[in-house]
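# Coordinates in review
Chain by chain, the residues run as shown.
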Amino acid sequence: LFAEANGSAAPKKILVLGGDGFCGWPTSLYLSDQGHDVVVVDNLSRRNIDLELGCDSLTPIQPMEVRCQAWKEVTGKDIRFVNLDVAKEYDLLVQLIEKEKPDSIVHFAEQRAAPYSMKTSKTKRYTVDNNVGGSNNLCCAVIDSGVDAHIVHLGTMGVYGYGTSGGEIPEGYIDVILPGGRESNILHPAYPGSVYHATKCLDALLWQFYNKNDQLRVTDLHQGIVWGTNTPQTALDERLINRFDYDGDYGTVLNRFLMQGAMGVPLTVYGTGGQTRAFIHISDTARCIELAINNPPKPGDRVEIFNQVAETRRVRDIANLVAKLTGVEVNYIPNPRQEADENELDVSNKKFCNLGLDPITLDTGLFDEVTEVVKKYKSRCNPQKILPASFWNKKRAEACADLD
Ligand code: NAD
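Summarised in this report is the structure supplied together with it. (Residues numbered from 1 in each chain as written. Predicted model: local features only at pLDDT ≥ 70, side-chain atom pairs only at ≥ 80, totals over all residues. Heavy atoms only, no water.)

### Thoughts on the packing of aromatic side chains
Counted according to the given criterion, the structure contains four aromatic pairs. Ring centres of F209 and Y210 lie 5.1 Å apart, and the angle between their planes is 70°; on these two criteria the pair is classed as edge-to-face. When its relative accessible area of 38% is taken as the criterion, F209 is described as partly exposed. Between W227 and F367 the ring centres are 5.6 Å apart and the planes differ by 90°, which places this aromatic pair in the edge-to-face class. In this pair, W227 sits in strand 9 (residues 225-227) while F367 sits in helix 12 (residues 364-376), placing the two residues 140 residues apart along the sequence. Both residues of the pair, W227 and F367, belong to the buried class. Directly above the aromatic system of Y250 lies the positively charged group of R46, at a separation of 3.6 Å from the ring centroid. The side chain of K351 reaches across the aromatic face of F306, ending 5.5 Å from its centre. (Phe/Tyr/Trp six-rings, centres within 6.5 Å; stacked < 30°, edge-to-face > 60°. Buried < 20%, exposed > 50% of the residue type's maximum accessible area, 1.4 Å probe, protein only. Helix = DSSP H or I, 4+ residues; strand = E, 2+ residues; numbered from the N terminus. Lys NZ or Arg CZ within 6 Å of the ring centre and 35° of its normal.)

### So, the sheet that holds strand 1 (residues 13-17)
Strand order in the open sheet formed by seven strands is 3-2-1-4-5-8-12, with parallel pairing between adjacent strands. The sheet is open, and its two borders are formed by strand 3 (79-83) and strand 12 (304-308), each paired with just one other strand. Within the sheet, the average angular offset between the axes of one strand and its neighbour, ignoring direction, is 20°. Where strand 8 (residues 218-223) and strand 12 come together, five bridges link them in parallel fashion. When the sheet's bridge partners are listed, H222 is paired in strand 12 with N307. Contacts from helix 4 (residues 90-100) reach strand 1, strand 2 (37-42), strand 3 and strand 4 (104-107) within the one sheet, and its direction differs from that of strand 1 by about 160°. (Pairing = 2+ DSSP bridges. Axes fitted to C-alpha atoms, helices over the stretch in contact; angles between N-to-C directions. Contact = heavy atoms within 4.5 Å.)

### Some thoughts on the pattern of salt bridges
Taken as a whole and assessed by the stated rule, the structure comprises 28 salt bridges. The partner of D284 in a salt bridge is R287, and the shortest N-O contact between them spans 2.4 Å. Placement of both D284 and R287 in helix 9 (residues 282-294) is noted, with a separation of three residues, approximately one turn of the helix. R287 sits in the partly exposed class, given a relative accessible area of 32%. Bridged by salt links that share partners, the residues K13, D37, R80, K99 and E100 form one connected network. (Salt bridge = Lys/Arg side-chain N within 4 Å of Asp/Glu carboxyl O.)

### What about the pairing of strand 2?
Most of strand 2 is tucked away, with five of its six residues classed as buried. Note: strand 1 against strand 2, five bridges, orientation parallel. In the sheet register, L15 faces strand 2, and the bridge partner there is V39. Taking the sense of rotation as the criterion, the β-α-β connection linking strand 1, helix 1 (residues 24-33) and strand 2 turns out right-handed. When strand 2 meets strand 3, the two strands line up parallel, connected through five bridges. Bridging across to strand 3, V39 finds its partner in R80. (Right-handed = clockwise from strand over helix to strand, strands pointing away.)

### Overview of the layout of surface pockets
Taken as a whole, the largest pocket spans an internal volume of roughly 300 Å³. In terms of lining residues, the largest pocket is bounded by 15 residues, among which Y162, G193, Q338, E339 and A340 are the most central. Across the lining of the largest pocket, the residue classes break down as five nonpolar, seven polar and three charged. Here the second largest pocket is characterised by a volume of approximately 170 Å³. Around the second largest pocket, the lining residues are Q260, V265, P266, T268, N331, I333, P383, I386, L387, L403 and D404. (1 Å grid on protein atoms, 1.4 Å probe; cavity = no way out; pocket = protein on both sides within 12 Å on 5 of 7 lines; lining within 4 Å. Points joined across faces, edges and corners; volume = space filled by probe spheres on them. Nonpolar A, V, L, I, M, F, W, Y, C, P; charged D, E, K, R; others polar.)

### Some thoughts on empty space enclosed by the protein
Inspection of every chain in the model, using the stated rule, returns three cavities of 30 Å³ or more. Here the second largest cavity is characterised by a volume of approximately 40 Å³. Around the second largest cavity, the lining residues are P115, G248, D249, Y270, P336, R337, P388, A389, S390 and W392. The class makeup of the residues in the lining of the second largest cavity is six nonpolar, two polar and two charged.

### Details of the environment of I186
Structurally, the position occupied by I186 is in strand 7 (residues 183-187). Judged by relative accessible area, I186 falls into the partly exposed class, the value being 32%. For the pair formed by I186 and I174, sequence separation is 12 residues and the distance between their alpha carbons is 5.5 Å. Discounting chain neighbours no more than four positions away, the residues touching I186 are G172, Y173, I174 and V176.

### Structural notes on the site of the ligand
Near the ligand you find 30 residues, and of these C23, D42, N130, Y196 and K200 are the closest. Take D42: an N or O atom from its side chain is 2.7 Å from an oxygen atom of the ligand. One nitrogen or oxygen atom from the side chain of K200 is found 2.8 Å from an oxygen atom belonging to the ligand. When the free accessible area of the ligand is taken as 830 Å², the share hidden by the protein chains comes to 97%. (Near = heavy atom within 4 Å. Polar contact = N/O pair within 3.5 Å; in protein donor to acceptor, adjacent residues only side chain to side chain. Areas by Shrake-Rupley, 256 points an atom, 1.4 Å probe, with all protein chains shown as cover.)

### Considering the environment of Y270
For Y270, the location among the structural elements is in strand 10 (residues 267-270). Once the C-alpha coordinates of Y270 and P336 are considered, the two residues, 66 residues apart in sequence, prove to be 7.3 Å apart. Non-local contacts of Y270, meaning those with residues more than four positions away in its chain, are made with G248, R256, Q275, I333, N335, P336, R337 and P388.

Nothing here speaks to function; it is all geometry.
In structure tokens, the structure reads:
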């Protein structure tokens, strides 16, 4: 049953850090389904942040123990779960890597919401400590364990800044002429738009350093905004359902619009909606990660960087598309973010396409899947949680003061 993705097709032992999350859970199931031996590592912090914010996944996600048991019942395959904090339980992380000797470690285990990272000094500091501390711990733990595991990290398109290059954004590296005339190929300049995005830029420097210093094999995936909810694997049984975030902090833009459309409430577009963003469907997130796992950098290679995106779209165009399909209004509200009103974004994704990815694009047929999920669980929605709840600075907070 092992599907041969381009590259090494042998089943692998894989640790999935952050495997209880929105991207991590469907990826863990997909990798297990493809015949890999998967161990999920997660400290369940995302579930705790839901409690802190007084929200919950729209979909009724089950505890990890139930999820793993259901997967076993439905497919006969094992996924093991280890509750461990990657940023705080260093010794346990080293012991786990020594014991499991993974071929690959997929690293999703970070605080991933830009709005949450901008909420307060406490959430800014937590995001930096958790994300940068976790990535540094992972590098040190791989080195200390002596296991030559390939690290596959989920980064973000946001490390490039949006539309600052003035042309197609290449995959991680750019050609430059240094002062004095020497030609070089260096990491694309970092231009973060939030504390969260800044942590991904800092991660990229850590990968570069440990790769140079200790020859760690690292692939950094600069991912676009993920949309969709379920995958063929999570749809097998209701207990396997993926999380769906719709709140102002964690709800990502297209899923939020689809959710508002299905609920019959106006779509909330920030500012002019002129922001152009990169998108990828959740099923392709999982496929890309397997492609990255099966095509590790060779020993001595520099950090491999892929742009993990299917396409770019302007936010107001997406809003108009969803509005047309659902008949709801588009409501332009003050932007809680400090960002350019309008930007262009042109991104290369040749590397994944060359490895055989045929990405799913914004197909309105696939919108139905999300709409069905939202309709099914709409009684679980708290509409009060949809509007922005975090503001980039005092000026933005004042501009948004009248939102209700
Ligand atoms: P998520 O919050 O749903 O999942 C992250 C998981 O990591 C959670 O289950 C959380 O409990 C766990 N975690 C966090 N800190 C941890 C720690 N210190 N130790 C152990 N576990 C920890 O987020 P997601 O949407 O699945 O995103 C996963 C990764 O993909 C993130 O790194 C994110 O930056 C990246 N990414 C996501 C998107 C998107 O649209 N969702 C887009 C680009 C990049």
